[in-house]
Amino acid sequence: MSSIDKSIELYELIIKRLEASGNAPYQLAAYKGSLECIKDCATTEEATAKLAASPWYTAVAQGLKLDEMGARRRAALELGQEDVAAAYEAKMKEVEADYLKAWDTSYQEGISQMALAHMKAEEDALAARIKSIEDRVAGLDKADTGDISSDWEEVKAHKDEIKAIGRNELARLRRGSAVCNAPEDNTGKYSFSDIREEAF
Amino acid sequence: MAGEITVRQFLDAYRPAYDAVKATGRQRGIKAYEDLFAVADRTDDMQEAQLIIEREGMTLRLTTEDAIEINEETLAKLDPLDEVTTVSTLLNLDIYRNAKSVEDITYRASLLDIQVQRLTAKGKLKIFLAASLADKLIAYDKAKRLLREWPDEVKAKAALSAMAGQRAAVRELVSIIEEEVDLKADEIFDDQFFMVNMLAPQNIDAYGRTKKTMHPDAVKAYREMTEEILSDMTLTEILMREQQNAMVYAI
């Protein structure tokens with residue numbers, strides 16, 4: 001295989017990987033553009049010279065930074081963090097215009113503050129939700145039992161049978177303890193050992 | 001060619017990172033680097049070396065293999081079914097095991113903090129709901145037992161009222177469990193994490209891989225009582241039915 005063929009194959013492999021990822025559109029465009037640029041070159045020297053004179057020369061490094069920011073922007077959007085997403089979008093526009101701006105990372109401090117605020121808001125929202133569920137469960141003790149007078153009359157009529165069943169069941173009540181062992185992985189089940197039993 | 005670096009020189013750029021991983025003794029990470037360095041034994045041609053590295057996904061593996069090993073080591077110490085302590089580790093493992101690119105890792109890692117918060121809260125809620133259900137079933141069982149003992153009419157009637165109250169509470173609680181942690185009544189006792197938290201677990205080791213719990217037969221009694229409570233049986237029918245799985249209380 002000639003040197004230029006190896007370069008083309010390398011670009012094709014990278015393009016295939018980036019397509020599979022779906023999270024690297026800028027690098028994908030840069031490699032596709034680069035491949036288009038060199039595919040008709042006869043030698044790697046010619047390809048190197050042609051690439052150096054093309055806009056694709058810096059596009060891969062630029063794409064690397066843009067894809068990183070783009071991945072973070074997409075995650076922020078998915079989480080509903082519009083301010084974080086907007087900050088990444090603004091920085092991406094800056095880097096698209098001048099890729100050297102990618103190495104100015106001062107913007108990250110503002111984003112960190114925004115992310116922390118979102119974490120705190122999430123924590124507060126989750127705590128409030130859990131509190132409301134705990135209150136709801138606590139309120140179950142005050143649940144209305146309804147009118148039990150007809151049940152009571154029926155129960156009284158079967159008093160002796162009910163007491164007999166109670167005696168049978170009481171005789172079978174036990175106290176016990178065990179050691180519960182975790183499985184190897186999260187597809188397994190707990191197992192119990194050292195099971196102790198005593199009369200109720 | 002003079003001035004051109006060799007494959008070995010090119011790969012030597014990874015030595016400092018390799019040395020750091022080697023110092024930890026983590027085998028998967030070490031192997032990923034050693035596989036990369038071995039490319040120099042397979043070819044002297046820089047382009048061929050780059051093709052091998054790309055074809056075999058070697059640069060991504062430098063990141064993923066070590067991270068997988070770190071998280072697998074952590075998980076091995078934990079109770080893998082604990083839906084609170086394992087959240088972060090399992091999410092990280094999923095990220096690194098399925099990453100196709102560094103950007104995949106960046107994207108999913110950016111979601112991680114909030115996902116961990118949400119799933120941890122859900123796990124904690126499950127613990128609370130499991131303990132609450134166990135409490136109410138025990139209260140129901142006690143009321144049923146007191147009524148059957150029939151100390152006198154006043155106490156028996158109060159016990160019937162308490163039993164009816166706990167029945168109503170458990171019915172409502174089962175609805176809350178379905179709404180909040182997505183477990184239907186017939187799934188509650190098959191969910192390992194929920195089930196174990198109905199047995200008043202207390203960690204024996206530092207990471208909770210072994211726990212002291214109530215007798216496992218208590219779960220059978222809980223299940224049977226829950227089915228009984230959710231059934232259409234009248235209170236009298238319930239009281240005249242002997243439970244197959246009698247309750248096993250804690251020592």
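A. Inspection of the overall build of chain A at higher detail. Helix and strand counts for chain A come out as eight helices and two strands. Mapped in sequence order, the helices and strands of chain A form the string α-α-α-α-α-α-α-α-β-β. For 200 residues, the compact-globule estimate of 2.2 N^0.38 gives 16 Å, and the C-alpha radius of gyration of chain A, at 34 Å, exceeds that figure by more than 25%. Once the C-alpha set of chain A is aligned to its principal axes, its extents read approximately 105 × 45 × 30 Å. For chain A, restricting intrachain contacts to residue pairs at least 6 apart in sequence, the fraction spanning at least 24 positions comes to 44%. If you sum the accessible surface of chain A, you get close to 11,500 Å²; carbon and sulfur atoms cover 52% of it.

B. Spotlight on the interface of chain A and chain B. In this assembly, 80 residues from chain A lie in contact with 81 residues from chain B. Together, the buried faces of chain A and chain B total about 7,500 Å²; carbon and sulfur atoms form 62% of this surface. On the chain A side of the interface with chain B, the three residues burying the most area are Arg136(A), Trp152(A) and Tyr190(A), jointly 10% of the side's total. A salt bridge links Arg136(A) to Glu172(B), with the shortest nitrogen-to-oxygen separation between them at 3.2 Å. At the boundary of chain A with chain B, the tally comes to 36 residue pairs in polar contact (both at pLDDT 80 or more). For the side of chain A that touches chain B, the secondary structure elements donating two or more residues are helix H1 (3-21), helix H4 (59-78), helix H6 (107-138), helix H7 (149-157), helix H8 (159-172), strand S1 (174-181) and strand S2 (191-199) of chain A. It is H6(A) that contributes the most residues to the side of chain A that touches chain B, eleven residues altogether. When grouped by side-chain class, the residues that make up the side of chain A that touches chain B number 32 nonpolar, 17 polar and 31 charged. Note: S1(A) against strand S3 (residues 248-250) of chain B, three bridges, orientation parallel. What sits directly across from Gly176(A), in S3(B), is Ala250(B).

C. Seen up close, the nonpolar core. If you look at the biggest cluster of nonpolar residues, it comprises 61 residues, and the most contacted ones within it are Leu129(B), Leu133(B), Ile177(B), Phe194(B), Met198(B), Tyr222(B) and Met247(B). Secondary-structure elements contributing two or more residues to this core are H6 and H7 of chain A together with helix H8 (102-149), helix H9 (153-181), helix H10 (192-196), helix H11 (217-230) and helix H12 (235-239) of chain B. Apart from the residues lying within four places of it in its own chain, the contact partners of Met198(B) are Ala130(B), Leu133(B), Ala134(B), Leu137(B), Ile188(B), Phe189(B), Met214(B) and Tyr222(B). Judged by nonpolar contacts, the second largest core, of 17 residues, contains Leu18(A), Leu28(A), Leu35(A) and Ile38(A).

D. Main features of helix H5 (residues 46-55) of chain B. Those residues of H5(B) lying buried are Gln47(B), Ala49(B), Leu51(B), Ile52(B), Ile53(B) and Glu54(B). Contact partners of the buried residues in H5(B): H1 and helix H3 (44-52) of chain A together with helix H1 (7-11), helix H3 (27-37), helix H4 (39-42) and helix H6 (58-77) of chain B. Two or three places before Gln47(B), at the opening of H5(B), Asp45(B) has a side-chain oxygen 2.8 Å from that residue's backbone nitrogen. Looking at the residues trailing H5(B), positive phi occurs at Gly57(B), about 55°.

E. Expanded view of the side chain of Arg167(B). Residues and elements named next belong to chain B. As for its placement among the helices and strands, Arg-167 is situated in helix H9. Despite its burial, Arg-167 pairs with no opposite charge; the closest candidate is Asp-232, at 6.7 Å N-O. At 2.7 Å, the side chain of Arg-167 forms a polar contact with the backbone oxygen of Met-233.

F. Fine view of the environment of Ile195(A). Within the secondary structure, Ile195(A) is located in strand S2. Its relative accessible area of 43% is what places Ile195(A) among the partly exposed residues. For Ile195(A) and Asn23(A), which are 172 residues apart along the polypeptide, the C-alpha to C-alpha distance reads 52 Å. Those residues in contact with Ile195(A) that lie beyond four places of it in its chain are Ser177(A), Ala178(A), His215(B) and Pro216(B).

G. Structural view of the packing of H6(A) against H9(B). Interhelical geometry of H6(A) versus H9(B) gives an angle of 165° and a closest axis separation of 11 Å. In terms of orientation, H6(A) lies roughly antiparallel with respect to H9(B). Crossing angle aside, the handedness with which H6(A) passes H9(B) is right-handed. On the side of H6(A), the interface is formed by Arg129(A), Ile133(A), Arg136(A) and Val137(A), while H9(B) contributes Glu172(B), Leu173(B), Ile176(B), Glu179(B) and Glu180(B). Of the residues belonging to the contact of H6(A) with H9(B), the class tally is four nonpolar, no polar and five charged.

H. A look at the pairing of S1(A). Here S1(A) lies mainly inside the structure; six of its eight residues are buried. With seven bridges joining them, S1(A) and S2(A) adopt antiparallel strand pairing. Bridge pairing in S2(A) links Cys180(A) to Phe192(A). For S1(A) and strand S2 (residues 210-214) of chain B, the ladder comprises five bridges, and the chain directions are antiparallel. Note on S2(B): the bridge partner recorded for Ala178(A) is Thr213(B).

I. Quick peek at the confidence of the model for chain A. Model confidence for chain A is summarised by a mean pLDDT of 93, while 100% of its residues fall at 70 or above. When pLDDT is averaged over each element of chain A, S1(A) comes out on top at 97 and H3(A) at the bottom at 91.

J. Geometry of a negative patch on the surface. Together, Glu178(B), Asp186(B), Glu187(B) and Glu227(B) make up a region of like negative charge exposed at the surface. Within the element layout of this structure, Glu178(B) appears in helix H9.

Each value, and the rule that gives it
- Residues numbered from 1 in each chain as written.
- Chains lettered and ligands numbered in written order.
- Predicted model: local features only at pLDDT ≥ 70, side-chain atom pairs only at ≥ 80, totals over all residues.
- Heavy atoms only, no water.
- Helix = DSSP H or I, 4+ residues; strand = E, 2+ residues; numbered from the N terminus.
- Rg over C-alpha atoms; globule rule 2.2 N^0.38 Å.
- Contact = heavy atoms within 4.5 Å.
- Areas by Shrake-Rupley, 256 points an atom, 1.4 Å probe, with all protein chains shown as cover.
- Buried area = accessible area lost by both parts, 1.4 Å probe.
- Salt bridge = Lys/Arg side-chain N within 4 Å of Asp/Glu carboxyl O.
- Polar contact = N/O pair within 3.5 Å; in protein donor to acceptor, adjacent residues only side chain to side chain.
- Nonpolar A, V, L, I, M, F, W, Y, C, P; charged D, E, K, R; others polar.
- Pairing = 2+ DSSP bridges.
- Core = buried A, V, L, I, M, F, W, Y, C linked by side-chain atoms within 4.5 Å.
- Buried < 20%, exposed > 50% of the residue type's maximum accessible area, 1.4 Å probe, protein only.
- Lys, Arg positive; Asp, Glu negative; His and termini not counted.
- Axes fitted to C-alpha atoms, helices over the stretch in contact; angles between N-to-C directions.
- Parallel < 35°, antiparallel > 145°, perpendicular 65-115°, else oblique.
- Left-handed = near helix turned anticlockwise from the far one by under 90°.
- pLDDT = per-residue confidence, 0-100.
- Patch = residues over 30% accessible without salt bridge, like charges linked within 9 Å, V, L, I, M, F, W, Y side chains within 5 Å.
- Charge placed at Lys NZ, Arg CZ, Asp CG, Glu CD.

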